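What follows is the residue order along each chain.
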Amino acid sequence: MGPSAIEIRGVSHTFGRGGPNEVTALDGVDLTLEAAAFVVVFGPNGSGKSTLLSAVAGDFVPDRGSIRVGGIDVTHRPVHDRARTIGRVSQEPSFGTAPRLTVAENLALAGQRAAPRRGLRAALSARTRRQLADRVAELRMGLEDRLDTPMAQLSGGQRQALALLMATLVRPEVLLLDEHMAALDPRSAEQVLRLTREMIERDRLTVLMVSHSMPQVVRLGDRAVMMHRGRIVQDFSGARKRRLRVEELLDCFEAVRNADLLDDAAAAMLARAYV
Amino acid sequence: MNLLVGALAMGLLLSLATLGVFVGFRVLRLIDLTADGAFGIGAAVAATALVGGASPIAATLVGAAVGALAGLATGLLHTRFGIDALLAGILTSTALYSVMLSVMGGGELSIVTRETVFSGAERAWYRADGGDITVFGTTVAGASLASLALLLLIVPAVALGVAWFFRTHLGLALRAAGDNPRMARAQAVDIGWMTVLGVGLANGLVGFSGALFSQYQGFANVQMALGTFVTAVGCLVLGEALFGRERLGSELAGAIVGTLLFRLLVAAALRAGLDPNTLKMATAVFVVVILVAQNRVRRTLARPRGATGGAG
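Residues numbered from 1 in each chain as written. Chains lettered and ligands numbered in written order. Predicted model: local features only at pLDDT ≥ 70, side-chain atom pairs only at ≥ 80, totals over all residues.

## A short note on the overall build of chain B
Link 1 in the chain: For chain B, the count of helices and strands is 12 helices and four strands.
Link 2 in the chain: Computed over its C-alpha atoms, the radius of gyration of chain B comes to 20 Å, within 12% of the 20 Å expected for a compact globule of 312 residues.
Link 3 in the chain: Along the first, second and third principal axes, the C-alpha set of chain B runs to 65 × 45 × 35 Å.
Link 4 in the chain: Expressed as a percentage of the 312 residues in chain B, the buried residues total 48%.
Link 5 in the chain: Long-range contacts, defined here as pairs at least 24 residues apart, represent 77% of the contacts in chain B between residues at least 6 apart. (Helix = DSSP H or I, 4+ residues; strand = E, 2+ residues; numbered from the N terminus. Rg over C-alpha atoms; globule rule 2.2 N^0.38 Å. Buried ≥ 20, exposed ≤ 12 C-beta atoms within 10 Å, placed from the backbone. Contact = placed C-beta atoms within 7 Å.)

Right, dumping it as structure tokens:
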């Protein structure tokens, strides 16, 4: 048994420490994903689920804890260094693609993600173009005929499908999906969802996905964890995940909401009594 | 006719600086005022090297290399020490002013009597039995034609080299770093290194242009680089108005043609009696006019799409 694909150990992080907007976004998160695991993270707004993905991708160095990807401690490594083994798709299609580069150029760039260094060989040889066209054809969106179109001219759905392809073109150790269908119209979202499932199954990818769509949390993945106030508060796996229904998720949300109200009410009471 | 050939030659050699500014300003999207210093130091170093007895080709290459070093300095100030790119470029250019003075041992250095790449081209021209040419009743000196011919070899070659570079894996990463840094980072591109490399390349081209400029003029002085960046941006925008910004190839062609056109306009204005002392002012006004016109056109074109207006 090799090392775990992702190992998050005791990760805590506070943004704006000491300032008026101090937020503890992550509060002692432990989460381990074995190879080929597909974990969906959900929770209320501000619960820390996107921050958790950012921590794995390397957008910031957490105050405490460590993060390992494929057995290697990446806690202090910069984003571009980790990106060799991490594929990432964000909510906004504009984040994942370079608008002024063509479709083929974007893909050629992604094709070198794991390369030790980018050299002075032509990025788009005839052979590379053919290979890329084949991969684009797998999307079944007709984009293989638009390899020389600047990315900016494509729709959000098309760009997001290509961003997904770019994230997986070189098989990543870990695929991070951050609500990557949330900004799309329903038809495009359905298309990207189909592609996401196909790619994950075909390449047996390890996936950490954030979603706030309850049906997706129920349908996708083999494990679902709920975050609240920077902590993991629920963890559905195995048979519990398979049995999971939307109603049960809604109950989870109701429970944390009640706990919040209680906290606030208690705080107000204490304030009245002592201040 | 001599004026025209001169303006074309000047346009060609300055288009190398425009290509350099294109790399910084359009590809990396940085306002990099190192250009002013890099052009001056390229010119000063090349002139000094010639006076010191260096071969013209070596002097030109050293000028370009020193320009590139100036760019690397700016790039490192910006990426490693977190100094704003605009400020970093001004800092480098300011420091280079002193370097120019000490390299040349004064404010100006004449190389009229020295062998330059252009005097070499001239001799080759006459050796190949090329003489003066008469067009429309005016005689164009063989020397001017030789310089023009040399530049017609150098500039397209450099432009093709830049185009080739931007289509390699490394060049593509550099373009992506400027176009969408967030995406580039997620594709394992080190933005800091790309910025240093790009600013170095940009100012290498500018230094190259400066080195040719001093040889063409027959002197170098500390003032002549002033406004290099602004003028290049004017040439760039002029070229973009003609060639668009859709394709890399047309952008590079636009940079060259824009500079040629700009120099022709300058030559025409001088001939029409414009006081040479007002040239910088005229250039600045010209660039402002182009930029304003460009914004107007863009807004007019954008209107039908944003049907309701206002919100756009």
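## So, the nonpolar core
Link 1 in the chain: Of all hydrophobic cores here, the largest spans 168 residues; its most connected members are Val41 and Leu208 of chain A together with Leu13, Val21 and Ala176 of chain B.
Link 2 in the chain: The contact partners of Ala176 of chain B, leaving out residues within four places of it in the chain, are Ala98, Leu101 and Leu109 of chain A together with Met183, Ala184 and Val189 of chain B. (Core = buried A, V, L, I, M, F, W, Y, C linked by C-beta atoms within 7 Å.)

## Section: the interface of chain B and chain A
Link 1 in the chain: Taken together, the 18 residues of chain B in the interface contact 26 residues of chain A.
Link 2 in the chain: Within the residue set of the side of chain B that touches chain A, elements represented by two or more residues are helix H7 (169-179) and helix H8 (181-186) of chain B.
Link 3 in the chain: Ranked by the residues each element gives to the side of chain B that touches chain A, the list is headed by H7 of chain B, at seven residues.

## Digging into the environment of Arg117 of chain A
Link 1 in the chain: Examined against the element boundaries, Arg117 of chain A turns out to sit in the loop between helix H4 (103-111) and helix H5 (126-137).
Link 2 in the chain: Measuring from C-alpha to C-alpha, the distance between Arg117 of chain A and Val174 of chain A comes to 21 Å, with 57 residues separating the pair along the chain.

## Remarks on helix H10 (residues 228-243) of chain B
One full turn of an α-helix is made of 3.6 residues, so residues set three or four places apart face in the same direction.
Residue and element names in this part refer to chain B.
Link 1 in the chain: In this model H10 runs 22 Å from its N-terminal to its C-terminal C-alpha over 16 residues, within 8% of the 22 Å that 1.5 Å per residue would give.
Link 2 in the chain: Of all the residues in H10, the buried ones are Thr228, Phe229, Thr231, Ala232, Val233, Gly234, Cys235, Leu236, Leu238 and Gly239.
Link 3 in the chain: Buried positions along H10 lie against helix H1 (2-27), helix H2 (34-51), helix H9 (191-217), helix H11 (248-271) and helix H12 (279-302).
Link 4 in the chain: Note on H10: the residue one or two positions beyond its end, Gly244, has a positive phi of about 75°. (Expected span 1.5 Å × (residues − 1).)

## Section: the sheet that holds strand E5 (residues 72-73) of chain A
All names here are of chain A.
Link 1 in the chain: An order of E2-E1-E4-E5 is seen for the four strands of this open sheet, with the pairing classed as antiparallel. The outermost strands of the open sheet, each flanked by one partner alone, are strand E2 (23-33) and E5.
Link 2 in the chain: By the bridge criterion, seven bridges tie strand E1 (residues 6-15) to E2 in an arrangement that is antiparallel. Among the inter-strand pairings, Ile8 is bridged to a residue of E2, identified as Leu31.
Link 3 in the chain: Of the strands in this sheet, E1, E2 and strand E4 (64-69) are in contact with helix H1 (residues 49-57), which crosses E2 at around 65°. (Pairing = 2+ DSSP bridges. Axes fitted to C-alpha atoms, helices over the stretch in contact; angles between N-to-C directions.)

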